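Each chain is listed here by its residues.
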Amino acid sequence: MIKAALVLEGGSLRSLYTIGILDVFMENQIEFECVIGVSAGALSAANYISKQPGRSAKINILHSNDSDYFGLKQLFLKGSAFNFNYMFYSPVNDLYPYNEDNLKNSKQRFLICATEFETGEARYFEKHSYAEMTQALQASSSLPLISKPAVVGGEKYLDGAVADPVGIEKAVSEGYKKIVVILTKDSRHYSKKTSGFTRFLFRLFYAKYPKLVSALVSTDSHYNSVINEINKMEQEKKIFVFRPNVKVNVKRMERDARKLIDLYFHGRDDARRYMNEMTEYVKS
């Protein structure tokens, strides 16, 4: 067990990069003491905690063209672009059963970030059963405007990336001196910018929740600030960062399985390429 935190950014289907890295970690029995996931990063982490290499890749690649999984059909019929019942229960869990015993017996901490509707602040869940975990994962992955709010314990939640874009602050607050971060785009050449129209929609859709609106309209500046801090910490060798070294041409709801496969193997290649360097960092 590595006494360090593993922090996973979201990014919807760009998470195939993360999945490739995590599969290589599992194949080499690399376990981090604490795993912190946001949105799609948390979804990817769930299969890392259960020690099921290949499961996330199968779900997201083999089912990428199924309109019952995600897309406009789901948005119009059910109010959410992603079908979480499909993802967590049938048919996915029938085809590739989740290893709940491994989840329950894992010595790794698994923290899942979601954003509270009322406060617009981050809430971290630490769940130990499949049913509880999937509730938290849905809360973390309910994207603004295209997903219904998720309800956990009677409270409404939205995408964790709204309040905490990456999760690095949580890792620091938990006292970890060694932190490995997996990003899903080359943030050194990327700056997030929310359009004025999207800001208008945030104010319109969530008018009853002013604190949530405040968090939503500032997601770009918050994200860019966090990424700048990550880049600075990386330069100072305080953290170790995996990120794609090319522009990721994968849409939020990508249907092209070839692009997803390429991104998955990009992650696998980077994991193998930087494995020794990462190992030296966490052990130093």
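Right above here is the structure, for reference.
Computed from a prediction, not measured in an experiment: that's the story for all the values here.

1. Quick look at the environment of V248
Link 1 in the chain: Relative to the elements of secondary structure, V248 occurs in the loop between β8 (239–242) and α13 (257–283).
Link 2 in the chain: Between the C-alpha atoms of V248 and A131, which are 117 residues apart in sequence, the distance is 33 Å.
Link 3 in the chain: Residues contacting V248, with those up to four places away along its chain left out, are R14, T184, K185 and L263.

2. As for helix α2 (residues 40–49)
Link 1 in the chain: The element α2 is largely enclosed, with a buried count of 10 among its 10 residues.
Link 2 in the chain: Residues of α2 that are buried: A40, G41, A42, L43, S44, A45, A46, N47, Y48 and I49.
Link 3 in the chain: Immediately beyond the C-terminal end of α2, within one or two residues, lies K51, with a positive phi of roughly 60 degrees.

3. Considerations on the environment of H222
Link 1 in the chain: On the secondary structure map, H222 appears in helix α12 (residues 219–235).
Link 2 in the chain: Once residues within four sequence positions are removed from consideration, H222 is found in contact with V162, A163, D164, P165 and E169.

4. A short note on unusual backbone geometry
Link 1 in the chain: Put simply, S90 and P91 share a cis peptide bond, and its omega is 10 degrees.
Link 2 in the chain: If you trace the backbone, P91 turns up in the loop between α5 (84–88) and α6 (92–95).
Link 3 in the chain: Non-glycine residue S12 carries a positive phi angle of around 55 degrees.
Link 4 in the chain: Examined against the element boundaries, S12 turns out to sit in the loop between β1 (2–8) and α1 (16–27).
Link 5 in the chain: Using a relative accessible area of 14% as the deciding quantity, one classes S12 as buried.
Link 6 in the chain: The residue Q29 is not glycine, and still its phi comes out positive at about 50 degrees.
Link 7 in the chain: Among the structural elements, Q29 can be located in the loop between α1 and β2 (32–38).
Link 8 in the chain: What makes Q29 exposed here is its relative accessible area of 65%.

5. A few points about helix α11 (residues 210–217)
Link 1 in the chain: Residues L212, V213, A215, L216 and V217 constitute the buried set of α11.
Link 2 in the chain: Elements that come into contact with the buried residues of α11 comprise β3 (109–116), β6 (155–159), α10 (196–205) and α12.

6. A look at the packing of helix α3 (residues 55–62) against α13
Link 1 in the chain: Contact pair α3 / α13: the axes reach a minimum separation of 9 Å and the direction vectors enclose 155 degrees. Here α3 lies roughly antiparallel to α13, going by the angle between them. Handedness of the crossing formed by α3 with α13: right-handed. Residues A57, N60 and I61 of α3 form the contact with α13, whose participating residues are A257, L260, I261 and Y264.

7. Some details on the pattern of salt bridges
Link 1 in the chain: A complete count under the given rule lists 16 salt bridges for this structure.
Link 2 in the chain: E27 is the partner of R268 in a salt bridge, and the nearest nitrogen-oxygen pair spans 2.9 Å. With R268 in helix α13 and E27 in helix α1, this pair connects stretches of sequence that are 241 residues apart.
Link 3 in the chain: Its relative accessible area of 11% is what places R268 among the buried residues.
Link 4 in the chain: A network of salt bridges, in which partner residues are shared, links R109, E126, K170 and E174.

8. Re the pairing of strand β7 (residues 179–182)
Link 1 in the chain: Side chains I179 and V181 of β7 all project onto a buried face; the interleaved residues V180 and I182 project onto the opposite face, where all are buried too.
Link 2 in the chain: Pairing analysis gives 4 bridges linking β1 to β7, with the strands arranged parallel. By the bridge assignment, L8 is partnered in β7 with I182.
Link 3 in the chain: With 4 bridges joining them, β7 and β8 adopt parallel strand pairing. By the bridge assignment for β8, I182 is matched with F242.

Cut-offs used in this document
- Residues numbered from 1 in each chain as written.
- Predicted model: local features only at pLDDT ≥ 70, side-chain atom pairs only at ≥ 80, totals over all residues.
- Heavy atoms only, no water.
- Helix = DSSP H or I, 4+ residues; strand = E, 2+ residues; numbered from the N terminus.
- Contact = heavy atoms within 4.5 Å.
- Buried < 20%, exposed > 50% of the residue type's maximum accessible area, 1.4 Å probe, protein only.
- Axes fitted to C-alpha atoms, helices over the stretch in contact; angles between N-to-C directions.
- Parallel < 35°, antiparallel > 145°, perpendicular 65-115°, else oblique.
- Left-handed = near helix turned anticlockwise from the far one by under 90°.
- Salt bridge = Lys/Arg side-chain N within 4 Å of Asp/Glu carboxyl O.
- Pairing = 2+ DSSP bridges.

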